[in-house]
Amino acid sequence: MSFFPHLLLAVLEGAVAAATLALTALGLSLVFGVMRVVNVAHGEFYMLGAMVAWWLSQLVPAHPLLGFLLALIGAPLAVGAVAFATERLVLRRIGYDPEATIVATIGLMFLIQQLALSVFGADAKPVNAPFTYRIVFPWFGYSGYKLFVVAASAVLLLCVWWVMSRTRFGLIMRVTQFDRETATAFGIPVGRVYSAVFVAGAAIVAIAAVLLVPIQQAHYLMGLDPLLMSFIVVIIGGLGSLKGSVIAALAIGLLGGIVSVFFSPTFAAIIATLLVAFILVIRPQGFFGAPAR
Amino acid sequence: MLDVRAIDCYYGEAKALHQFSLRLETGEILCLLGRNGAGKTTALKAIMGLVPVRRGSIVFDGTDLTKLASHEVPRLGIGYVPQGRRLFSELTVEDNLRVGLMTRNSGAAVRQHVLELFPVLGERLGQRAGTMSGGEQQMLAMARALCIAPKLLLLDEPTEGLSPAMIALIRRSIVELKTHGVTTILVEQRVDAVLPIADRVAFVENGRVTAVMAVAELAADRHMIDRYVGLG
Ligand SMILES: Nc1ncnc2c1ncn2[C@@H]1O[C@H](COP(=O)(O)OP(=O)(O)OP(=O)(O)O)[C@@H](O)[C@H]1O
Ligand SMILES: [Mg+2]
């Protein structure tokens, strides 16, 4: 292949990687942004979403599209319910203390992993894409589903942006984020907002899992990678800045895609890690985060 | 309309209010005076439910506020201007007002009235609150609280750091609200700032109300002022 087809492939792969990053980081970024707590079990919510998608899809093996649609509804509901229980039984009791939350959600991470292992077993579970259309370029064919994932993540990002910036609930979330005491003095039930945001973050990562599991595979340890990548995206973008997270996902994804096509995937991962270390040194608050006060 | 009955408040183990009591009649302006750290801010926060009340009760229009969740307190019609303003500085003027309007689902008429009181804000609706001048920010803090259409207004040092012209404007709006039947608790450090508008003055010392008197009485007795505030 000559240069142009290589470049096209690199951009496509980069767009898919960027969409994957943005989708998985979105929920973590939202929860951190509004509640100022890090949910270490974020990756396990992703894994649970993928497992639910697999479980629903194997109920209707002959109809991948139906399985996919069922999962789009079922996974966010199931994972949202787990998040709701977590918020009520754990986070609320420890008063959303940032350090206690990290410890508690580490515990939750192992708990969910072990439960998934005993319920679903250790083998990887493939899930069929809802459709198998291939886009044929003169030089190579490319999965139409992957491009659908890119479009779907753009739509999801736009929805979240719209809710945050244009709706009454978005205003309530932003106000809670800035100053929870003053928010309370204006009638905002901060506890309920936290609960809703935590559940929404989990539901979003579950939708991400449903979209992405056909191009990965469901496995009880699959949550580690998205957790790590979400941290990287959220740190580079600036803790608490949704916009920063999205831009960081695009930058890392596209850069990573291009480097993996022209060089190697390992090299791309090394570059991303170095970038994080570099940014933590020169700009600890990330590109869009406010400096620590 | 408000009856604070012997409340005790703590920050951790440190007691900030001891048997703090206060009574207000509808439509009056009561001023809390006291030195730094006397407990004035804590008293307002206790009414708003922002610090826990361990003993005593706070009855507002027949409801015991200490039995409510803190976000329910403003919904009864209590507007709060915190010390240091505490605006949502990243948000626009418009959004800051919207937060106040949401509290009790106030209608367009309330918004209209508030913007008539502070016309400057009407010209700055799209500006980020944090980029306004100190005086404009104080007006916005007042306006945001008035968007609740409050029956009771709690003002914590609303004239701190303002120019005389701005202080006069804030005072005029407090008096104007009184004519609409709004009851006000005004916290100030400087007694001369409140004598012209307050009906009564309560002196706060070490977390207690040590004396309450009508302004007319106080004006006749400079010793009280010297004794409690140390300002001539
Ligand atoms: N968040 C807090 N944690 C611990 N102690 C506090 C806290 N806020 C206030 N205090 C203490 O409670 C006491 C009363 O403080 P408060 O802020 O009510 O005083 P104030 O009369 O409003 O003073 P100022 O005129 O300086 O605003 C002080 O001794 C203060 O140190
Ligand atoms: Mg104070």
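Residues numbered from 1 in each chain as written. Chains lettered and ligands numbered in written order. Predicted model: local features only at pLDDT ≥ 70, side-chain atom pairs only at ≥ 80, totals over all residues. Heavy atoms only, no water.

**Comments concerning the overall build of chain A**
1) Next: Broken down by element type, chain A carries 11 helices and 2 strands.
2) Next: When the helices and strands of chain A are read in sequence order from the N terminus, they spell out α-α-α-α-β-β-α-α-α-α-α-α-α.
3) Next: Its C-alpha atoms give chain A a radius of gyration of 19 Å, near enough to 19 Å, the size a compact globule of 293 residues would have.
4) Next: Here the C-alpha coordinates of chain A stretch approximately 65 × 45 × 35 Å along the principal axes.
5) Next: If you take every contact in chain A between residues at least 6 apart in sequence, the share linking residues at least 24 apart comes to 77%.
6) Next: Taken as a whole, chain A presents about 13300 Å² of accessible surface, with 73% of it coming from carbon and sulfur.
7) Next: Between the mean site of the 15 positive side-chain charges and the mean site of the 9 negative ones, chain A shows a separation of 10 Å. (Helix = DSSP H or I, 4+ residues; strand = E, 2+ residues; numbered from the N terminus. Rg over C-alpha atoms; globule rule 2.2 N^0.38 Å. Contact = heavy atoms within 4.5 Å. Areas by Shrake-Rupley, 256 points an atom, 1.4 Å probe, with all protein chains shown as cover. Lys, Arg positive; Asp, Glu negative; His and termini not counted. Charge placed at Lys NZ, Arg CZ, Asp CG, Glu CD.)

**Some points on the coordination of the magnesium ion (ligand 2)**
All names here are of chain B.
1) Next: Within the protein, the atoms that donate to the magnesium ion (ligand 2) are T41 (OG1) and Q83 (OE1), at distances of 1.8 to 2.2 Å. Of this pair, T41 sits in helix α1 (residues 40-48) while Q83 sits in the loop between β6 (78-81) and α2 (93-103); the two residues are 42 residues apart in sequence, bridging distant segments of the chain.
2) Next: Classification of Q83 by relative accessible area gives partly exposed; the value is 31%. (Donors = N, O, S within 2.8 Å, 3.2 Å for Na, K, Ca; no water. Buried < 20%, exposed > 50% of the residue type's maximum accessible area, 1.4 Å probe, protein only.)

**Some points on the nonpolar core**
1) Next: By size, the foremost hydrophobic cluster in this structure holds 114 residues, and its most contacted members are A:M35, A:F45, B:L2, B:L22, B:L32, B:L154 and B:I185.
2) Next: Per-element accounting of this core gives the leading share, 14 residues, to helix α8 (residues 190-212) of chain A.
3) Next: Sequence-distant contacts of B:L22, that is, excluding residues within four places in its chain, are made with B:L2, B:D3, B:V4, B:L30, B:L32, B:I185, B:A202 and B:V209.
4) Next: With 45 residues, the next largest nonpolar core counts B:L177, B:V182, B:A193 and B:F203 among its residues. (Core = buried A, V, L, I, M, F, W, Y, C linked by side-chain atoms within 4.5 Å.)

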